[in-house]
Amino acid sequence: MDEIFERLQSVVDRYDEVNEMLSDPDIISDTNRFMELSKEEGQLRETVEVFKHYQDVIQEIADDKELLNEDLDADMEELTKGELKELESEKSELEERLKILLLPKDPNDDKNIIMEIHGAAGGDEGALFAADLYEMYSRYAERQNWNVEVIDENKTEIGGYKEIVLMITGNNVYSKLKYENGAHRVQRVPETESAGRVHTSTATVGVMPEYEDVDIEIEDKDLRVDVYRSSGAGGQHINKTSSAVRMTHLPTGIVVAMQDQRSQQQNRAKAMEILKTRVYDYYASQNEAEYAEERKTAVGTGDRSERIRTYNYPQNRVTDHRIGLTLNKLDRIMNGELDDIIDALVIADQTAKLEDLKQG
């Protein structure tokens, strides 16, 4: 633990330094710098608080051991030994927690995401399941107080999606949804199946962090931009002006349509930001060596074709194949109650990384 203590003390020192800087009038007047340091303070706070609690427990253990060396009556000795046993157990738990808090942070964890959901195998049924996944993630986002915005969609005649692309914004979105990357398999009787046979279909989910300033240039010759009138609610402004923008990146075929902003200029800027993120992710995913290495250290944030989960409707069962987790509450999970699955994936990921550290 000596090396861990040194690292923890350096975190405490940095935390104290950041708090001192946050009270500096020059930094307070610099909005960007103040926000940057406030964010860092928030990221360090839990580690510092747990470490200080750990130090208090260590001191209490030392005090109890010293007390046991004194001439105590039987009741006091029994009481002190009982307390010492509880403190030793708490000390072990805090040590494990501190190891996890010191694991390298994914730099994208606090980012917003762009999520792509595609109906895959199974034709109409795969597209209908893509719509169900969209509803599931939307309800989960609502529980997390996140915002969901549909960027692009390709609907089928019976209400499914060949493709739907979402922007999900809020606190630490990527940290929780990055494990959803992959192929989701559904087993159920389709609405269109008169014989009542169970079919197996799939939809794929792609999750990418929103890169505010991606290092990628999109040349004009590779871009087609169409403008058109926005549709939907919005009053006279939407009906009278061609403010909606559709951008197509010709080399990859990636399309982004944006109509939610108030002006064509704002829609262009937002569409370009999202397009850059999706094109960047597209090219990054071509680097198989990088993705293979990532899969060694994380749970299911790699290959989008990897089957990660099965949703069995007849048995109200969901199984996550990466960690062998089975839950018999599919109805609640499809209603957005994803915490049990996501928490288990986070713990599995952390455990794998702790093992890597021990072996390293």
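Shown above is the structure to which this text applies.
Since we're looking at a predicted model, the values are computed, not measured.

Caption draft 1: Molecular detail of the nonpolar core. Ranked by size, the top nonpolar core spans 35 residues in total, and within it M115, I117, L133, Y137, L177 and Y311 carry the most contacts. Where this core is concerned, the elements lending two or more residues are β1 (113-119), α5 (124-143), β3 (161-169), α6 (173-177), β5 (199-209), α10 (330-334) and α11 (339-359). The leading source of residues in this core is α5, at 9 residues. Ignoring any residue separated from it by four or fewer positions in sequence, one finds M115 in contact with Y137, I164, V165, L166, L177, V205, G206 and V207. Ranked by size, the runner-up nonpolar core spans 18 residues in total, among them V11, V57, L87 and L101.

Caption draft 2: Just α5, in detail. Over its 20 residues, α5 extends 29 Å from the first C-alpha to the last, a length consistent with the 28 Å expected when each residue adds 1.5 Å. Across the 20 residues that make up α5, a large majority, 14, are buried. Following α5 by one or two positions, N145 has its phi on the positive side, about 60 degrees.

Caption draft 3: Geometry of the packing of aromatic side chains. In total, this model carries 3 aromatic pairs according to the counting rule given. For the ring pair F129 and Y311, a centre distance of 5.2 Å and an interplane angle of 65 degrees mean the geometry is edge-to-face. Of this pair, F129 sits in helix α5 while Y311 sits in strand β9 (residues 307-312), and the two are 182 residues apart along the sequence. The burial state of F129 is the same as that of Y311; both residues are buried. Look at Y134 and Y161: their rings are 5.8 Å apart centre to centre, the planes differ by 85 degrees, and that puts the pair in the edge-to-face class. Taken as a pair, Y134 in helix α5 and Y161 in strand β3 lie far apart in primary sequence, 27 residues in all. Given the relative accessible area of 16%, Y134 is considered buried. For the cation-ring pair, R188 lies above Y313, with the distance from its terminal atom to the ring centre recorded as 4.8 Å.

Caption draft 4: Local environment of the environment of S38. Along the chain, the position of S38 falls in helix α3 (residues 31-68). Owing to a relative accessible area of 28%, S38 belongs among the partly exposed residues under this scheme. Each C-alpha atom of the pair S38 and L22 lies 7.3 Å from the other, and the pair is 16 residues apart in sequence. Within the structure, S38 has its side chain in polar contact with the backbone oxygen of F34 (distance 2.8 Å).

Caption draft 5: Examining the pairing of strand β4 (residues 182-188) more closely. Of all 7 residues that make up β4, 6 are buried, and the element is covered over most of its length. Inspection of the sheet shows β4 paired to β5 by 7 bridges, in the antiparallel sense. Across the sheet, residue G182 finds its bridge partner in β5, namely V205. Pairing of β4 with β9 involves 5 bridges; the strand directions are parallel. Paired with R185 across the bridge in β9 is T310.

Conventions adopted
Residues numbered from 1 in each chain as written. Predicted model: local features only at pLDDT ≥ 70, side-chain atom pairs only at ≥ 80, totals over all residues. Heavy atoms only, no water. Core = buried A, V, L, I, M, F, W, Y, C linked by side-chain atoms within 4.5 Å. Buried < 20%, exposed > 50% of the residue type's maximum accessible area, 1.4 Å probe, protein only. Helix = DSSP H or I, 4+ residues; strand = E, 2+ residues; numbered from the N terminus. Contact = heavy atoms within 4.5 Å. Expected span 1.5 Å × (residues − 1). Phe/Tyr/Trp six-rings, centres within 6.5 Å; stacked < 30°, edge-to-face > 60°. Lys NZ or Arg CZ within 6 Å of the ring centre and 35° of its normal. Polar contact = N/O pair within 3.5 Å; in protein donor to acceptor, adjacent residues only side chain to side chain. Pairing = 2+ DSSP bridges.

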